Amino acid sequence: MKPHSTSEPDSEMNHKADYSEFFRWPLQKPEYLQALIKAYESGDWGRYHGQNCQTLVEVISRYFERSFVRLCSSGTIAVEIALKAAGVKVGDEVILSAYDFPGNFRCIESIGAIPVLADIMPGTWSISYDSVVEAYGSKTKAIIVSHLHGDIAPIELISAFAKNKEIKIIEDICQCPGATFNSMKLGTFGDIATLSFGGSKLLTAGRGGAIVMKSEADFQRSKIYSDRGNDAFPLSELQASILLPQFDQLNAVNELRFKAAKLMMERFSHCGQINTLKISAKSQPAFFKLPIFLSPSNDQHVNDFNNSKEQLIRVLQAKKIKIDHGFPGFANRSSKRCRKVSDLRETARLAKSTLILHHPCLLSNAVETIADEIIDASKQV
Ligand SMILES: *Cc1c(COP(=O)(O)O)cnc(C)c1O
């Protein structure tokens, strides 16, 4: 099925294909509007402390079965507060994946701690357990474990490794609220979880975030760090109001996205050049971005490969398909700013070849058509 059914011939339509409507975000739903109207009518929209933020804290607390939740202004700030809550101090080391959200590196630096880069597991977007073990040292105070692009990091192994040591695990679940592994929600394996409510994220208020904590001592530290006579990193009542209905629907919508992602991945699996996620039977992922990576053909020079990747992005973006590069990763960061456990070869390789497809199309009826467009374009370049 092609978008915009018109009477024009197929080739003409291909030429004009415009998939923008399948990437429209945020969703517009009557429940969201109702929530905003309610916040308006009650006057909560003009208050520092109203019912919506309080209810949202309770909803998140119930959802993750954690007693301590703090709302904040963004996912990036959530990671920074989480590091402070974990007791990370100037000169301490924090392990993170060399393939991660750029802000996570900066958050560690911003509090005067030292990022220690671990490599990823080959063929995945996740931090390698072996590399974490290698990175661990006497100065390690925390490990940031991000679950990225629908992939699930080896969080059970890493938590077990941290268990009898003086280190805290921060699980970055900004991309995957509601995802589970072994029927347990991601974010509940570690000590602290971070959420983002940014404009493109699965739960969105345009901006915003939250920190979900197991220990009261961590919660107290998060409060002290954020308190400057007032909450320095607040989430507003209006933001909280529009997040509440989204939490109600999160599991159901995640399920739909997962089904659609499986359809796409099934299509890609028949096409030699496009590789994607391997999903274990124990995983119920949530898709913020659907990742693919291209394999260079045997005789292809690296420059030719890069050119064809750039061309693939251009061809698809011309059709308003929202596909882009993955994270650049930190493999090339100066060793003055961080410690590296190895040459970070896997990260460097993956960062060069990853493309990510934005999630809104997973809720559309054009999933298979878009998958076919990606496959066709990959054959042309
Ligand atoms: C988006 C994102 C963040 C930061 O969230 P913002 O709300 O945009 O600051 C942190 N970590 C990961 C993995 C993300 O995808």
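Details of the structure are given in the entry above.
Described in the following lines is the structure provided in the data block. Not measured: the values here are computed from a predicted model.

Some words on the nonpolar core
Reasoning step 1: Among the nonpolar cores identified, the biggest contains 49 residues, and L56, I60 and F197 are the most heavily contacted of them.
Reasoning step 2: The two domains that each donate at least three residues to this core are domain 1 (11–26 + 249–380) and domain 2 (30–246).
Reasoning step 3: Among the nonpolar cores identified, the runner-up in size contains 42 residues, and F23, M264, F287 and I321 belong to it.

A word on the side chain of H359
Reasoning step 1: Structurally, the position occupied by H359 is in the loop between β15 (354–358) and α12 (367–380).
Reasoning step 2: Of note is the side chain of H359, whose polar atom sits 2.7 Å from the backbone oxygen of S200.
Reasoning step 3: With sequence-adjacent residues up to four places away left out, H359 is seen in contact with W25, S200, K201, L202, R257, F287 and F288.

Observations regarding the pairing of strand β3 (residues 114–118)
Reasoning step 1: Counted residue by residue, β3 has four buried out of five residues, so it is predominantly covered.
Reasoning step 2: Of the strand pairs in this sheet, strand β2 (residues 93–97) and β3 are connected by five bridges, and their pairing is parallel. Looking at β3, one finds that V94 is bridged to P115.
Reasoning step 3: In this fold, β2 hands off to helix α5 (residues 102–110), which returns the chain to β3; that crossover is right-handed.
Reasoning step 4: Pairing of β3 with strand β14 (residues 339–340), which is carried by two bridges, proceeds in the parallel orientation. Across the sheet, V116 pairs through a bridge with R339, a residue of β14.

Regarding the packing of helix α4 (residues 75–85) against helix α8 (residues 216–226)
Reasoning step 1: Running from N to C, α4 and α8 point in directions that differ by 120°, and their axes come no closer than 8 Å. One element, α4, and the other, α8, form an angle in the oblique class. Between α4 and α8 the crossing geometry is right-handed. Along the contact surface, α4 presents E80, I81, K84 and A85, while α8 presents D218, R221, S222, Y225 and S226.
Reasoning step 2: Residue composition of the contact of α4 with α8, by class: three nonpolar, two polar and four charged.

Overview of the site of the ligand
Reasoning step 1: Close to the ligand lie S74, G75, T76, F101, L148, D172, C174, Q175, S196, K201 and G208, which account for all nearby residues.
Reasoning step 2: At 3.0 Å, a side-chain N or O of Q175 approaches an oxygen atom of the ligand.
Reasoning step 3: The separation between an oxygen atom of the ligand and a polar side-chain atom of S196 is 2.6 Å.
Reasoning step 4: Here the ligand loses 90% of its free accessible area of 380 Å² to cover by the protein chains.
Reasoning step 5: The class makeup of the residues in the shell around the ligand is three nonpolar, six polar and two charged.

A few points about a nonpolar patch on the surface
Reasoning step 1: Taken together, the side chains of Y40, W45 and L238 present a nonpolar region at the surface, about 360 Å² in accessible area.
Reasoning step 2: Tracing the backbone through its elements, the reader meets L238 in helix α9 (residues 237–269).
Reasoning step 3: On the basis of relative accessibility, which here comes to 37%, the residue L238 falls in the partly exposed class.

Brief notes about the sheet that holds strand β10 (residues 274–275)
Backbone hydrogen bonds are what pair the strands of a sheet, in a parallel or an antiparallel way.
Reasoning step 1: Read from one edge of the open sheet, four strands run β10-β12-β15-β13, paired in antiparallel fashion. Only two strands of the sheet have a single partner each, and these edge strands are β10 and β13 (323–325).
Reasoning step 2: Pairing of strand β12 (residues 289–294) with β15, which is carried by five bridges, proceeds in the antiparallel orientation. Of the residues in β15, the one forming a bridge with F293 is T354.

Focus on the pattern of salt bridges
Oppositely charged side chains may form a pair once their charged atoms are brought near each other.
Reasoning step 1: What the rule picks out here adds up to 12 salt bridges.
Reasoning step 2: Here R267 ties to E368 by a salt bridge, and the two come within 3.0 Å at their closest N and O atoms. Of this pair, R267 sits in helix α9 while E368 is found in helix α12, placing the two residues 101 residues apart along the sequence.
Reasoning step 3: A salt bridge links K319 to E373; the nearest nitrogen and oxygen atoms lie 2.7 Å apart. Taken as a pair, K319 in the loop between α10 (302–318) and β13 and E373 in helix α12 lie far apart in primary sequence, 54 residues in all.
Reasoning step 4: A residue is classified by how much of its surface remains accessible, and K319, at 15% relative accessible area, is buried.
Reasoning step 5: With relative accessibility at 4%, the residue E373 sits in the buried group.
Reasoning step 6: Where salt bridges share partners, they join R106, E109 and R337 into one cluster.

Thresholds applied
The written sequence of each chain sets the order in which its residues are numbered from 1. Thresholds applied to this predicted model are a pLDDT of at least 70 for local features of residues and 80 or more for the giving and counting of side-chain atom pairs; totals over whole chains, interfaces and linings are not thresholded and use all residues. Excluded from the side-chain calculations are hydrogens and water; all other atoms, namely the structure's heavy atoms, are used. We call a set of buried residues a nonpolar core when its members are Ala, Val, Leu, Ile, Met, Phe, Trp, Tyr or Cys and they connect through side-chain atoms within 4.5 Å of each other. For every residue, the accessible area obtained with a 1.4 Å probe (protein chains only) is divided by the maximum for its type, and the residue is called buried under 20%, exposed over 50%, and partly exposed between those limits. For each domain, the first and last residues come from an automatic or database assignment. Numbering goes from the N terminus for both helices and strands, where a helix is a DSSP run of H or I of at least four residues and a strand is a run of E of at least two. Whenever a nitrogen or oxygen atom comes within 3.5 Å of another N or O atom, the pair is scored as a polar contact, on the condition that within protein one atom can donate a hydrogen and the other can accept it, and that pairs from neighbouring residues in sequence are kept only if both atoms are in side chains. When checking whether two residues touch, look at their non-hydrogen atoms; a contact exists if any pair is within 4.5 Å. Strands were regarded as paired on the criterion that DSSP finds at least two bridges between them. Seen with its strands pointing away from the viewer, a crossover is right-handed when the path leading from the first strand over the helix to the second is clockwise. Each axis is a line fitted through C-alpha atoms, and for a helix only the stretch in contact is used; angles between axes span 0 to 180 degrees, taken between their N-to-C directions. Each angle is binned into one of four classes, with values under 35 degrees roughly parallel, values over 145 roughly antiparallel, values of 65 to 115 roughly perpendicular, and all other values oblique. By convention, the crossing between two helices is left-handed when the near helix turns anticlockwise from the far helix through less than a right angle, and right-handed when the turn is clockwise. Classes in brief: Ala, Val, Leu, Ile, Met, Phe, Trp, Tyr, Cys and Pro nonpolar; Asp, Glu, Lys and Arg charged; the others, Gly included, polar. Neighbouring residues are identified by heavy atoms, a residue being near a molecule or strand if any of them is within 4 Å of it. Only the protein chains shown count as cover for residues, and all accessible areas are computed by the Shrake-Rupley method using a 1.4 Å probe. Each patch is built from residues that are more than 30% exposed by relative accessible area and take part in no salt bridge. Like charges join if they lie within 9 Å; nonpolar side chains (Val, Leu, Ile, Met, Phe, Trp, Tyr) join within 5 Å. Salt bridges are identified by distance alone: a Lys or Arg side-chain nitrogen within 4 Å of an Asp or Glu carboxyl oxygen.

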